[in-house]
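One letter stands for each residue in the lines below.
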Amino acid sequence: METLEQLKTRIVAAAPGAQVEIIPNGSPANQPSLLLDRDHARAVAQFLRDDSALAFDYASNATGVDWPEKIIKEKIKVKKTVDGVEKEVEEMCERKTPAYLEAVYHLYSMRLKHGPLIVRLRTENRTDRVSLPSLTPVWRSCEFQEREIFDLYGIVFEGHPDLRRILMWPEFTDFPMRKDYVEADDYEYEPTPHDDILAKAKKHFPAGAPV
Amino acid sequence: MATASPTELAASAPPSQIMEVAMGPQHPSTHGVFRMDVSLDGETVVKLKPVFGYLHRNHEKIAEKCSYLGSIPYTDRLDYICSLTNNWAYAMTVEKLAGLVPPERAEYIRVILSELTRLINHSALAGFLLQDMGALGTPLMYAFREREKILDLFESLTGARMMCNYMRFGGCRCDLPPGWIEQVRRLVSDFPKFLDEFEALLTGNEILQARTEGVGVLPAPLAVNAGVTGPMLRASGVNYDIRKVDQYGVYGRFQFRVPLGERGDVFDRYMIRILEMRESLKILEQALRDIPGGPIMDPKAKLRNLRPKAGEAYGRIEGPKGELGFYLISDGGPNPYRYRVRPPSLINLTVLEDMCLGQTIADVVVILGSIDIVLGEVDR
Amino acid sequence: MNGAGIIKGMIETARNFAGSYHDEARLTTVQYPEEKLAPVENARTIPFLVYDGAEALPGLRCTACMICEKECPPQCIYIVKDTVKKPDFVGKMQMQPKVFDIDISVCMSCGICVEVCPFDAIKMDQVFELSTGDRFGGLLLNKTQLAKPNDYFNKLHKTEAAEIDLRRVEEKQKAEAAAAAKAAAPAKPPMAPPPAP
């Protein structure tokens, strides 16, 4: 299989206007990924599937990931005037990482027996602009997995033939796998409660174990 | 029977004649709490929508709270018939994430246990498929008789028959007790006799052939595009076995063939599983012959408080049902940031509707049985 | 001939049926509860606490280090440390648990608590006839119900218990030798006070 840099040039050539970024991977697994932009994702996917040298005809896994906003405090050196003299001072600065939901696809080739190629798509934010193009018209295996990402994370896939909840029941309203999901509070009191379960049990059963 | 598109079938039947049946979550043949909303025109299936989520325990969220060691017993309960292959897939992914290398003896033990798991899964499947067809339990009990011998082996090694919790990242939990290898050798030499008996009972049976040949045909291009893996894919003629493609562990050292089917119907899937059991026996013989001595854990592996560097990894194995993959994202802490199971049973269900259209409702049960789903894996 | 396959199958069934009268391998049913299968050495169901000596609570090996509570995946162990310390088998003063509860309706028999215990204090039992009428309290075992003697541990897991006993005897001998060497060393003369600045 080609390296990601060669792949990036070929993708940009085949789907003009596509913005492809290579995301490195910190672990020893050596599996860097390609970040695609939303507007050209389906065209790039079709190129990846139909190109004869790549032939990624098998989308093995489609995952959703939740990246909430993180505030990173770092010290940076700033030029400031102190007592009339310009000096470099270290200041504590706060930086907010962007918040988004992400869909990660793992692609393999059954014909040429190579892979994996990891492709990522990101939404704009976690609140209202959460739609991504669906890759189900390209790879049918994404059908149930994208439904699951919609069910558990809330990403709306445009172009999906049948987008409805798959694991939770249809009337359920929240998105369980998000990091800020608060579980329902109707707990049965457990005899060995720990920490947060103990606090919840005390709220419902202040006198002790129920009869 | 030729399969027509759902719109053609639905258009040909007048709407007042279509009956909607929920083959509901409580059903003896749906392999667990699984529901299918089937629309029937007489006895022909016009539309089929699978509904699941009755066994959803949100294993992925529990794993974000547990440490890497604490998730291993939960992986046993994913595909609860084959617990050791689930353990191996997870252990392999953590090893990729943290950069651990298990020693050779551990790799050979893993191969032996994984092939024994393939034997128990395929015999259980053959038994259950025949039970769904109406052979009320006889082939099932013969298959379970052999399964019990293998489960006894698991108990003497790992401590539990089904929820084995044996593989660890970096190797295995404990070494083989004395005499275990001889017991496995005896089982491997006796197993072909059972397979011959099983095939004499079933493969030539005219009722089985009439009910399964030509039923539930899955064409190869659809199988590849829909992400079907495992014996179902190979029954449609596509040669993709992850043991041969990725050669994870020490599978590169063993000689074995990959059986392929021609027509992609239920009979091919049943026969592929019988043939795969014979190939597993070959791998077992070679592994038992070559297993070296030595340590069983990577000395660098820390069980408690493992904190891999921030990054991600995707590891996959050829489980008995298909490609079982785990995707882990670490943020440097003791718990995984994202933990995802790629369930083969769920992805294989994508094509259930395509295979069942135009068939009778009695065939739906047979086709579902041949896909080999386990709800613990579909719902997690 | 049409039907030959079915007849061949029926011959197999008949062979199994007739064979079950005289062939051990074909008669696989164990008539529980009159007959019971002998448990294997490694089998595990619920944990128990090991104590040395005759009395349960003073002899408990557990030092309330809380490692098993932290590593337990379904969090079924509940420990409260005691303020009073007690000596262990070497003579060193160790903490002890005041409350040690295991909820066996939550326990999933994974054995991770046994794997991570540094003091060989908690081991896996093999009892499975545990049903009771009281759904909450009857399945919550406390320290006294969980404590079982070392002889019981030796009966269940022979090889492991033998190794652990050997190791503990060696450690005790080493500790006694170190204590004897310390007592026999000549007393050091008191140091001169440092000069005032």
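Residues numbered from 1 in each chain as written. Chains lettered and ligands numbered in written order. Predicted model: local features only at pLDDT ≥ 70, side-chain atom pairs only at ≥ 80, totals over all residues. Heavy atoms only, no water.

(A) Structural view of helix H1 (residues 4-19) of chain C. All names here are of chain C. Taking 1.5 Å of rise per residue, 16 residues should cover 22 Å, and H1 covers 22 Å from first to last C-alpha, within 8% of that figure. Looking at H1, one finds that the buried residues are Gly5, Gly9, Glu12, Asn16 and Gly19. Along the long axis of H1, the arc covered by the buried residues comes to 95°, so they all point the same way. The outward face of H1, more than 90 degrees from its buried face, is lined by the exposed residues Met10 and Phe17. (Helix = DSSP H or I, 4+ residues; strand = E, 2+ residues; numbered from the N terminus. Expected span 1.5 Å × (residues − 1). Buried < 20%, exposed > 50% of the residue type's maximum accessible area, 1.4 Å probe, protein only. Arc of directions from axis to C-beta.)

(B) Main features of the confidence of the model for chain C. When pLDDT is averaged along chain C, the result is 83; 92% of the residues meet or exceed 70. Interface confidence in the predicted complex, given as ipTM, is 0.87; pTM for the same model is 0.89. (pLDDT = per-residue confidence, 0-100.)

(C) Quick look at the sheet that holds strand S3 (residues 44-51) of chain B. Residue and element names in this part refer to chain B. Read from one edge of the open sheet, three strands run S1-S2-S3, paired in antiparallel fashion. Taken across any chain shown, the strands that pair with only one partner, and hence form the sheet edges, are strand S1 (18-23) and S3. Averaged over all adjacent pairs, the angle separating strand axes in this sheet is 20°, with direction ignored. Pairing geometry for S1 and strand S2 (residues 35-41), over six bridges, is antiparallel. Bridged to Met19 within S2 is Leu40. (Pairing = 2+ DSSP bridges. Axes fitted to C-alpha atoms, helices over the stretch in contact; angles between N-to-C directions.)

(D) The interface of chain B and chain A, seen in detail. Taken residue by residue, the interface counts 47 residues in chain B and 47 residues in chain A. When chain B packs against chain A, close to 3,800 Å² is buried across both sides, 53% of that on carbon and sulfur atoms. It is B:Asn225, B:Glu312 and B:Tyr337 that lose the most area in chain B upon contact with chain A, and together they represent 17% of the buried surface on that side. The tally of links from chain B across to chain A stands at five salt bridges. For A:Glu148, the salt bridge is made with B:Arg340, and the minimal N-O distance between the two is 3.2 Å. Inspection of the region where chain B meets chain A yields 26 residue pairs in polar contact (both at pLDDT 80 or more). Of the residues forming the side of chain B that touches chain A, the biggest block, five residues, is contributed by strand S6 (residues 311-319) of chain B. (Contact = heavy atoms within 4.5 Å. Buried area = accessible area lost by both parts, 1.4 Å probe. Salt bridge = Lys/Arg side-chain N within 4 Å of Asp/Glu carboxyl O. Polar contact = N/O pair within 3.5 Å; in protein donor to acceptor, adjacent residues only side chain to side chain.)

(E) The arrangement of the packing of aromatic side chains in detail. Overall, the coordinates contain 23 aromatic pairs over all chains when judged by the stated rule. Judged by centre distance (6.0 Å) and plane angle (15°), the rings of B:Phe34 and B:Phe52 are stacked. Of this pair, B:Phe34 sits in the loop between S1 and S2 while B:Phe52 sits in the loop between S3 and helix H2 (59-65), and the two are 18 residues apart along the sequence. Residue B:Phe52 is classed as buried on the basis of its relative accessible area, which comes to 4%. Put simply, the rings of B:Trp88, B:Tyr108, B:Tyr248, B:Tyr251, B:Phe254 and B:Phe256 pair up and form one aromatic cluster. Its guanidinium or amino end placed over the ring of B:Tyr337, A:Lys179 lies 3.9 Å from that ring's centre, counting from NZ or CZ. For the cation-ring pair, B:Arg147 lies above B:Phe144, with the distance from its terminal atom to the ring centre recorded as 5.0 Å. (Phe/Tyr/Trp six-rings, centres within 6.5 Å; stacked < 30°, edge-to-face > 60°. Lys NZ or Arg CZ within 6 Å of the ring centre and 35° of its normal.)

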